[in-house]
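Summary of the model geometry
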Amino acid sequence: MPELPEVETMMRSLGDLKGDALLSFDFFWPRQVEPSPAIFKEKLTGAIIKEIKRRGKYICLFTDKGLLAIHPRMSGSLAVLPEEVPLGKHTRLVAHLSGSKKLQFDDARKFGRWKFLPPGADIPGVGVEPFSPQFTAEWLYDTLKEQKKKPLKALLLDQSLLCGLGNIYSDEVLFAAGIHPARPGSAVTINECKALQEAVLAILSKAIELKGTSFDWAYGGGSMQNNLMVYGRAGKPCKNCGTLLESVKIGGRRSVFCQKCQK
Ligand SMILES: [Zn+2]
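Let me sum up the structure you'll find in this document. Keep in mind that this is a model prediction, so the values were computed, not measured.

1. Here we look at the coordination of the zinc ion
Listed as protein donors to the zinc ion are Cys238 (SG), Cys241 (SG), Cys258 (SG) and Cys261 (SG); their distances from the metal cover 2.2 to 2.4 Å. Spacing between the donor residues of the zinc ion along the chain follows C-x2-C-x16-C-x2-C. Residue Cys238 is classed as buried on the basis of its relative accessible area, which comes to 5%.

Laid out in structure tokens, this is it:
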């Protein structure tokens, strides 16, 4: 599933849509539209795009009539194309734009979502942005303390706390900070929170620079996979110490770690 760097890359590839109008919509798989295609058409037809931004793992088109928030989930991809380009085999949604362009959403597995939110509303369940001033070691320390015994891996994946990390980058962050994925959040020290905060920013920045990780058929073009230290490397030697990396299931998600480097 695309995480913050892959969604950021997808968002940047759309170019500058500021000032373009949303003229009309085609919904080929209406279940992906929230609250409903009818409300979408009613609220957003004729809306002018003011700003395009990433928020967590969403691509957000802020308009004068409200927010169009797109979550690619497992296999969704978004592109701005000339109107004459034919629909793809897996095209699920199209927003026709001014200037004979269209915003086309292809999604083989149909897990992606398009949400409408009224002006001024934030996306429910999306917490603090890693690249915002709110994300400090102190904030992380206080937030983890409140979560009592929940394991750190699960807490880093919880989008309502810190948004943007998924399975790949949470494993990489824990390795860089030298912390075991099963450690309870409340047992993490302020110095470790500082290490975690620095690791989050350094790893996400590097991944954005490399246009994300190309991990399966659905998402290509990035080269961060060549820089991963632990994700997808269970049973292989740790790049730091040579110990064979282990894999453990935490809260339904698999986490790869080094038992020597991560305490
Ligand atoms: Zn190691």
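Picking up after the structure, the text goes on.
2. A look at the sheet that holds strand S1 (residues 22-27)
Strand order in the open sheet formed by four strands is S1-S7-S8-S6, with antiparallel pairing between adjacent strands. Lying at the two open borders of the sheet, with one neighbouring strand each, are S1 and strand S6 (76-82). Sheet twist, expressed as the mean angle between neighbouring strand axes with direction ignored, is 20°. Pairing geometry for strand S7 (residues 91-97) and strand S8 (residues 101-107), over six bridges, is antiparallel.

3. Notes on the pairing of strand S11 (residues 253-257)
The side chains of a regular strand alternate between the sheet's two faces. By the bridge criterion, five bridges tie strand S10 (residues 246-250) to S11 in an arrangement that is antiparallel. Bridged to Ile250 within S11 is Arg253. Between S10 and S11, which follow one another and run antiparallel, lie two residues, and Gly251 among them has a positive phi close to 55°.

4. Some thoughts on the sheet that holds strand S5 (residues 66-71)
Spatially, S2-S9-S5-S4-S3 is the arrangement adopted by the five strands of the open sheet, whose pairing is mixed. Either end of the sheet is taken by a strand with one partner, and the two such strands are strand S2 (33-34) and strand S3 (49-55). Pairing analysis gives five bridges linking S5 to strand S9 (residues 113-117), with the strands arranged antiparallel. Bridge pairing in S9 links Ile70 to Trp114. Helix-sheet contacts for helix H1 (residues 4-13) involve S3 and strand S4 (58-63), and the interaxial angle to S3 is about 160°. The sheet contacts of helix H2 (residues 37-44) involve S2, S4, S5 and S9, and relative to S9 the element is tilted by about 50°.

5. Considering the packing of helix H5 (residues 167-177) against helix H6 (residues 190-209)
In the contact formed by H5 and H6, the axes pass within 9 Å of each other and the chain directions differ by 130°. Classed by the angle they form, the pair H5 and H6 counts as oblique. Relative to H6, H5 is oriented so that their crossing is right-handed. Contacts from Tyr169, Glu172, Val173, Leu174, Ala176 and Ala177 in H5 reach Ala195, Leu196, Ala199, Val200, Ile203, Leu204 and Ala207 in H6.

6. Points about empty space enclosed by the protein
Gaps left between atoms are located by rolling a probe of water-molecule size over the structure's atoms. This structure, assessed with the given rule, holds one cavity of 30 Å³ or more. A volume near 50 Å³ is recorded for the largest cavity. Within the residue set of the lining of the largest cavity, elements represented by two or more residues are helix H3 (137-146) and helix H4 (152-157). Ranked by residue count, the leading element in the lining of the largest cavity is H3, at four residues. When the residues that make up the lining of the largest cavity are grouped by side-chain class, the tally is seven nonpolar, one polar and no charged.

7. Details of the pattern of salt bridges
Taken as a whole, this structure holds 13 salt bridges when the rule is applied. In this structure, the salt-bridge partner of Glu209 is Lys206, at a minimum N-O distance of 4.0 Å. Of the two residues, Glu209 and Lys206 are both situated in helix H6; the distance of three residues between them amounts to about one turn of the helix. Note on Glu209: relative accessible area 56%, which makes it exposed. In this structure, a network of salt bridges that share partners links the residues Glu8, Arg12, Arg54, Arg55, Asp122 and Glu129.

8. Side note on the nonpolar core
Grouped together as the largest cluster of nonpolar side chains are 31 residues, with contacts concentrated most on Leu144, Leu165, Tyr169, Val173 and Leu196. Mapped onto this core, the elements with two or more residues apiece are H3, H4, H5 and H6. Considering every element that reaches this core, the biggest residue donor is H6, with eight residues. Among residues more than four places away in sequence, those in contact with Val173 are Leu156, Leu165, Leu196, Ala199, Val200 and Ile203.

9. Considering the side chain of Gln147
If you trace the backbone, Gln147 turns up in the loop between H3 and H4. Discounting residues that sit within four places of it in the chain, Gln147 has contacts with Leu155 and Leu161.

10. So, the packing of aromatic side chains
This model, assessed by the stated rule, comprises six aromatic pairs. Both rings, one in Phe25 and one in Phe40, keep their centres 5.7 Å apart while their planes meet at 85°; by these two values the pair is edge-to-face. Pair noted here: Phe25 is in strand S1 and Phe40 is in helix H2, with a separation of 15 residues, a long-range link. When its relative accessible area of 0% is taken as the criterion, Phe40 is described as buried. Geometrically, the ring pair formed by Phe135 and Trp139 is edge-to-face, given 6.0 Å between the ring centres and 75° between the ring planes.

About the criteria used
- Residues numbered from 1 in each chain as written.
- Predicted model: local features only at pLDDT ≥ 70, side-chain atom pairs only at ≥ 80, totals over all residues.
- Heavy atoms only, no water.
- Donors = N, O, S within 2.8 Å, 3.2 Å for Na, K, Ca; no water.
- Buried < 20%, exposed > 50% of the residue type's maximum accessible area, 1.4 Å probe, protein only.
- Pairing = 2+ DSSP bridges.
- Helix = DSSP H or I, 4+ residues; strand = E, 2+ residues; numbered from the N terminus.
- Axes fitted to C-alpha atoms, helices over the stretch in contact; angles between N-to-C directions.
- Contact = heavy atoms within 4.5 Å.
- Parallel < 35°, antiparallel > 145°, perpendicular 65-115°, else oblique.
- Left-handed = near helix turned anticlockwise from the far one by under 90°.
- 1 Å grid on protein atoms, 1.4 Å probe; cavity = no way out; pocket = protein on both sides within 12 Å on 5 of 7 lines; lining within 4 Å.
- Points joined across faces, edges and corners; volume = space filled by probe spheres on them.
- Nonpolar A, V, L, I, M, F, W, Y, C, P; charged D, E, K, R; others polar.
- Salt bridge = Lys/Arg side-chain N within 4 Å of Asp/Glu carboxyl O.
- Core = buried A, V, L, I, M, F, W, Y, C linked by side-chain atoms within 4.5 Å.
- Phe/Tyr/Trp six-rings, centres within 6.5 Å; stacked < 30°, edge-to-face > 60°.

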